[in-house]
Amino acid sequence: MNSYERVLAALSMQPVDRTPVCPFVMAFAAKFAQVPYGSYCTDYRKMAQAQMAVVERFGYDIVTADTDAYREAEACGALIEFPQDDLPIEKKQAIVDKKDLLKLKLPVIQDSVRLADKVAGVAELNRLGGGEVPVLGWIEGPYQSAAIMRGLTEFMMDSVEDESFVNELLQFTTELAINFGVAQAEAGAHIIGIGDAVASLISPRNYESYVLSHTKRVVEALQSKGAKVKYHICGDASHLLDYIKELGVDLVNIDSKVDLATARSTLSNVCIKGNLNPSDILLKGSEAKVLTEAKKCIEIGGLGYMLSPGCEVPKDTPQENFNALVRAAKLVAAGEI
């Protein structure tokens, strides 16, 4: 099996020759390819160059067209600063005052510099991968996008004090997510990731009220275009697993704070990936520890499982440890560990 065949089989809950290894790689790729992170976030050619360099060196199973969580917000007026070699910084929200929402119009994807840049990055990765490596596109989920546009503290207060405003904003971010995701699917993304880290902070009741129906609309729209959909919710989302199951996604990323066996039991008919601790195991652990923990994950994950850390591979992860993550799947398949 090549990587594309392996990943698509796992997504369909079918047997594979070995467990796909699909880590979420951004800053690690930029550092490996010696691309300043400011350039990685703003030039799709540099992003694609770095992604291909690291996947070719280590031999894992996916490339990721993602850099940061601010593209949608920036297209709607947020002011984003790009340090030369560090993460972008949101200097001003798109919606400082709730009245600002009335002025917002859905951005035209190809007329928005960094939205168009990501779509071009998807197409470039698809070209460079030659159909043998699946391309993961990326959007922010409606709830996460709304929180970034409004500011997390303000948005959480709005959720308590002004339900009407929050729902209006979520309608806007839902349409934006659909448009942006569809553009990436049409550019060749095989999978669209939906980032929703903020949602792990809220109660099941609020998730049902503010997240479930809007995100489900996005999922259905993307799947109707032939894309598979991944749901990425950082943090401890144990209390939300039953609702996440209702989203109908093809793949769920399980963070290290969630018990993998519990997630596997709840999401029994859904492909899952995770959930090595990216800091304690991948960044700070030994090669032997990475191999041991990866083997445990593969055994728990079973059919319909992809090996990865619970979240992004840290920038300064030792290459030996990252290589051990990839080797673990091969060694388990060969019965050598």
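Quick caveat, the model's predicted, so the values are computed rather than measured.

Definitions and limits used
- Residues numbered from 1 in each chain as written.
- Predicted model: local features only at pLDDT ≥ 70, side-chain atom pairs only at ≥ 80, totals over all residues.
- Heavy atoms only, no water.
- Helix = DSSP H or I, 4+ residues; strand = E, 2+ residues; numbered from the N terminus.
- Contact = heavy atoms within 4.5 Å.
- Pairing = 2+ DSSP bridges.
- Axes fitted to C-alpha atoms, helices over the stretch in contact; angles between N-to-C directions.
- Parallel < 35°, antiparallel > 145°, perpendicular 65-115°, else oblique.
- Left-handed = near helix turned anticlockwise from the far one by under 90°.
- Nonpolar A, V, L, I, M, F, W, Y, C, P; charged D, E, K, R; others polar.

A. Region of interest: the environment of L115. Tracing the backbone shows L115 in helix α7 (residues 113-129). Distance in space between the C-alpha atoms of L115 and S213 is 24 Å, their sequence separation being 98 residues. Once residues within four sequence positions are removed from consideration, L115 is found in contact with R71, E72, A75, P107, I109 and F180.

B. Spatial organisation of unusual backbone geometry. The omega angle of the peptide bond from G274 to N275 is -20°, so this bond is cis rather than trans. With respect to the helices and strands, N275 occurs in strand β8 (residues 271-276). Of note, the phi angle at M13 is positive, near 60°, even though the residue is not glycine. Along the chain, M13 falls in the loop between α1 (3-11) and α2 (27-32).

C. Spatial organisation of the sheet that holds strand β4 (residues 135-140). The sheet built from seven strands is open, its strands ordered β1-β4-β5-β6-β7-β8-β9 with parallel pairing. Strands at the two margins of the open sheet, each flanked by one partner only, are β1 (63-64) and β9 (305-309). Relative to strand β5 (residues 191-195), β4 is paired through five bridges, and the arrangement is parallel. Along β5, the bridge assignment pairs E140 with G195.

D. Seen up close, the packing of α7 against helix α10 (residues 163-187). At a minimum axis distance of 8 Å, the contact between α7 and α10 shows a crossing angle of 25°. Comparing their axes, α10 and α7 come out roughly parallel. Relative to α10, α7 is oriented so that their crossing is right-handed. Between α7 and α10, the contacting residues are L115, K118, V119, V122, A123 and N126 on the first element and F180, A183, Q184 and A187 on the second. When the residues that make up the contact of α7 with α10 are grouped by side-chain class, the tally is seven nonpolar, two polar and one charged.

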